[in-house]
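In case you want the letters, here they are:
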2 protein chains.
Amino acid sequence: MNTLAEENYLKSIYHLSFDAETVSTNQIAALLNTKAASVSDMLKKLADKELVNYAKYQGASLTPAGKKIAVSIIRKHRLWEYFLVEKLNFKWDEVHDMAEEMEHISSTELIDRLDKFMGYPRRDPHGDPIPDSNGNFKNHKLAPVATVKVNASCVISGVSDHSPIFLQYLEKHKLTIGKTINVIDVIEYDNSMIIQTEDNKIHISRDVANNLLII
Amino acid sequence: MNTLAEENYLKSIYHLSFDAETVSTNQIAALLNTKAASVSDMLKKLADKELVNYAKYQGASLTPAGKKIAVSIIRKHRLWEYFLVEKLNFKWDEVHDMAEEMEHISSTELIDRLDKFMGYPRRDPHGDPIPDSNGNFKNHKLAPVATVKVNASCVISGVSDHSPIFLQYLEKHKLTIGKTINVIDVIEYDNSMIIQTEDNKIHISRDVANNLLII
DNA sequence: TAAAAAATTTAGACAAGTCTAAATTTTAAT
DNA sequence: ATTAAAATTTAGACTTGTCTAAATTTTTTA
């Protein structure tokens, strides 16, 4: 199959492809915490294997074969996260690094049985959709709270920052998946927002409003 | 922590140490499907890290630190095997390779919670004992069926060959963990045995009798 | 649109882990 | 107690994935 490094590159390119057709060397390097030179090398290898389309200086995109591998890794990652939270009682801010390792367990039979064991969950603990065993899933982009108008209400449905520190902040203020919130006010000066949750009234910064997603 | 290769070496040395104080380069090479030269290199590295005791040409043994790592990997392997069989309904001959990958997932918190989730099982699907979270477990050697006298009866408690082909053979003849068997006869010519199980009477070869363990 | 800045690639080096072939040490056999 | 055989180690090479520094290409800016 593919090496761990290759899988991580494919996954990164997939995630970065959400916003653009083609992904730059520097973007990949930043996400993988590596250097642009290393990325150039790897893109050449992945292009040889026909997993990415790559033209020097022009960025990269996934081929159908590369995309299939990326989606399968994302499926594994999200199912393991669900397992860790729902079966082993970890908190949503604790599971990312573990799932990062577990997503590379190769057996697809294993992951399909895990999926069945858990009753075919459709979203992981962070609200991200879980691809089915054929790699199909609706990946429609959610809007950030920052786009909500004053007096409008909405339901928290995802996050675009998965870091423990952000998730812990949300947890602390009960801003978790499924909660309904109402925007009370937007402070023009810094674009921070006052929101009313089911539990209390909170003042959130622009950063938070940008990384908290709603339907 | 340690690399995947290092962990596999430590595990191999642990398993081979069952019969002897010190383990030879060739024994390790055979078990890991690698060459003696590679083993020499790695033993040097592991000795530098004080995980094995190693003197050139004299074989290797684990230090307490090395043994601790080896036992922790074995704990992970056996708990994942139990999970795969008991929760995901795999058969006992299907789980070895998957567990071989899963044993390298690093988090000990994860494995302790998995242990709890499954109710602290004491033996894996092949009858091997599962170390507790402190690394303690009774690892007393089981006797092969080959040592049982005619007319004596005993309970199948383990296997010393974990290969799918052997496990499938046992499954087919219902020679599984917990079954009681009675030795009817031993054929002197080839040391094969006629045994009576709860289900039927079977003629097993010396090889089978050597790899099937009883209490 | 030419120079400066930013992005990217190439060249060459390195570490981990493996291999083959040759050299060395240990063990077995006479 | 030598010699032959077996086991083990060393030397040198190769692969994967990484890095720094230098070279090249693209983009930006004036």
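Below, the structure is looked at part by part. (Residues numbered from 1 in each chain as written. Chains lettered and ligands numbered in written order. Predicted model: local features only at pLDDT ≥ 70, side-chain atom pairs only at ≥ 80, totals over all residues. Heavy atoms only, no water.)

### A closer look at the overall build of chain A
Argument step 1. Within chain A, the regular secondary structure consists of eight helices and eight strands.
Argument step 2. Its C-alpha radius of gyration of 19 Å places chain A within 12% of the 17 Å reference for a compact globule of 215 residues.
Argument step 3. In terms of principal-axis extent, the alpha carbons of chain A reach across some 55 × 45 × 25 Å.
Argument step 4. Here chain A holds 215 residues, and 45% of them are scored as buried.
Argument step 5. Of the contacts made within chain A by residues no fewer than 6 positions apart, 59% connect residues no fewer than 24 positions apart.
Argument step 6. Measuring between centres, the 25 positive side-chain charges of chain A sit 3 Å from its 29 negative side-chain charges. (Helix = DSSP H or I, 4+ residues; strand = E, 2+ residues; numbered from the N terminus. Rg over C-alpha atoms; globule rule 2.2 N^0.38 Å. Buried < 20%, exposed > 50% of the residue type's maximum accessible area, 1.4 Å probe, protein only. Contact = heavy atoms within 4.5 Å. Lys, Arg positive; Asp, Glu negative; His and termini not counted. Charge placed at Lys NZ, Arg CZ, Asp CG, Glu CD.)

### Some words on the protein's contact with DNA strand C
Argument step 1. Lining the immediate surroundings of DNA strand C are 22 residues, of which Ser40, Tyr54 and Lys56 of chain A together with Thr3 and Thr34 of chain B lie closest.
Argument step 2. Each atom of DNA strand C within 4 Å of the protein was classed as base or backbone; sugar and phosphate made up 76%.
Argument step 3. The separation between a phosphate oxygen of DNA strand C and a polar side-chain atom of threonine 3 of chain B is 2.4 Å.
Argument step 4. Lysine 35 of chain B places a polar main-chain atom, nitrogen or oxygen, 3.1 Å from a phosphate oxygen of DNA strand C.
Argument step 5. Residue assignment for the surface near DNA strand C shows that the elements contributing at least two residues are helix H2 (25–32) and helix H3 (36–48) of chain A together with helix H1 (4–16) and helix H3 (36–48) of chain B. (Near = heavy atom within 4 Å. Polar contact = N/O pair within 3.5 Å; in protein donor to acceptor, adjacent residues only side chain to side chain.)

### Description of the protein's contact with DNA strand D
Argument step 1. Close to DNA strand D lie 21 residues, the nearest being Thr3 and Thr34 of chain A together with Ser40, Tyr54 and Lys56 of chain B.
Argument step 2. The protein-proximal atoms of DNA strand D, defined as those within 4 Å of the protein, are 75% sugar or phosphate.
Argument step 3. The separation between a phosphate oxygen of DNA strand D and a polar side-chain atom of serine 40 of chain B is 2.5 Å.
Argument step 4. For the surface near DNA strand D, the secondary structure elements donating two or more residues are helix H1 (4–16) and H3 of chain A together with helix H2 (25–32) and H3 of chain B.
Argument step 5. For the surface near DNA strand D, the leading source of residues is H3 of chain A, giving five residues.

### Overview of the packing of aromatic side chains
Argument step 1. Considering all chains together, one arrives at seven aromatic pairs over all chains under this definition.
Argument step 2. Considering the side-chain rings of phenylalanine 117 of chain A and phenylalanine 83 of chain B, the 6.2 Å spacing of their centres and the 90° angle between planes classify their relative orientation as edge-to-face. One end of the pair, phenylalanine 117 of chain A, is in helix H6 (residues 108–117); the other, phenylalanine 83 of chain B, is in helix H4 (residues 64–86), on a second chain.
Argument step 3. Since its relative accessible area comes to 24%, phenylalanine 117 of chain A is described here as partly exposed.
Argument step 4. On the numbers, 6.5 Å between centres and 75° between planes, the contact of phenylalanine 117 of chain A with phenylalanine 117 of chain B is edge-to-face. A residue pair is termed interchain when its members come from two chains, as with phenylalanine 117 of chain A in helix H6 and phenylalanine 117 of chain B in helix H6 (residues 108–117).
Argument step 5. Over the face of the ring belonging to phenylalanine 117 of chain B we find lysine 87 of chain B, whose NZ or CZ atom lies 4.8 Å from the ring centre. (Phe/Tyr/Trp six-rings, centres within 6.5 Å; stacked < 30°, edge-to-face > 60°. Lys NZ or Arg CZ within 6 Å of the ring centre and 35° of its normal.)

### A few points about the packing of H4 of chain B against H6 of chain B
All names here are of chain B.
Argument step 1. Orientation of H4 relative to H6, taken along the N-to-C sense of each, is 40°, at an axis distance of 10 Å. With respect to each other, H4 and H6 are oriented oblique. Taken as a pair, H4 and H6 cross one another with a handedness that is left-handed. Counted together, Arg75, Lys76, Leu79, Trp80 and Phe83 of H4 and Leu110, Ile111, Asp112, Leu114, Asp115 and Phe117 of H6 form the full contact between these two elements.
Argument step 2. Here the residues of the contact of H4 with H6 are counted per class, giving seven nonpolar, no polar and four charged. (Axes fitted to C-alpha atoms, helices over the stretch in contact; angles between N-to-C directions. Parallel < 35°, antiparallel > 145°, perpendicular 65-115°, else oblique. Left-handed = near helix turned anticlockwise from the far one by under 90°. Nonpolar A, V, L, I, M, F, W, Y, C, P; charged D, E, K, R; others polar.)

### Overview of the interface of chain A and chain B
Argument step 1. Facing the 20 residues of chain A at the interface are 20 residues of chain B.
Argument step 2. Taken together, the links from chain A to chain B amount to zero salt bridges.
Argument step 3. Broken down by secondary-structure element, the contributors of at least two residues to the side of chain A that touches chain B are helix H4 (64–86), helix H5 (96–102) and H6 of chain A.
Argument step 4. For the side of chain A that touches chain B, the leading source of residues is H6 of chain A, giving five residues. (Salt bridge = Lys/Arg side-chain N within 4 Å of Asp/Glu carboxyl O.)

### Brief notes about helix H7 (residues 164–172) of chain B
Helical geometry note: an α-helix holds 3.6 residues per turn, so side chains three or four residues apart project in the same direction.
Residues and elements named next belong to chain B.
Argument step 1. Buried residues of H7: Phe166, Leu167 and Leu170, and no others. For H7, the buried positions fall inside an angular range of 95° around the axis, keeping them on one side. Exposed side of H7, more than 90 degrees from the buried face: Ile165 and Lys172 are the residues found there.
Argument step 2. Buried positions along H7 lie against strand E4 (153–159), helix H8 (206–211) and strand E8 (212–214).
Argument step 3. Downstream of H7 by one or two residues, lysine 174 has phi in the positive range, about 60°. (Arc of directions from axis to C-beta.)

### Quick notes on the relation of the copies chain A and chain B
Argument step 1. Between chain A and chain B, the superposition needs a rotation of 180° and an axial shift of 0.0 Å, giving an RMSD of 0.0 Å. Such a combination of rotation and displacement between the chain copies is what one expects of a two-fold axis. Minimal C-alpha separation from the rotation axis in chain A is found for methionine 102 of chain A, amounting to 3.8 Å.
Argument step 2. A share of 100% of interface residues in chain A that are also interface residues in chain B marks the association as one of identical surfaces. (Least-squares fit on C-alpha atoms with pLDDT ≥ 70 in both.)

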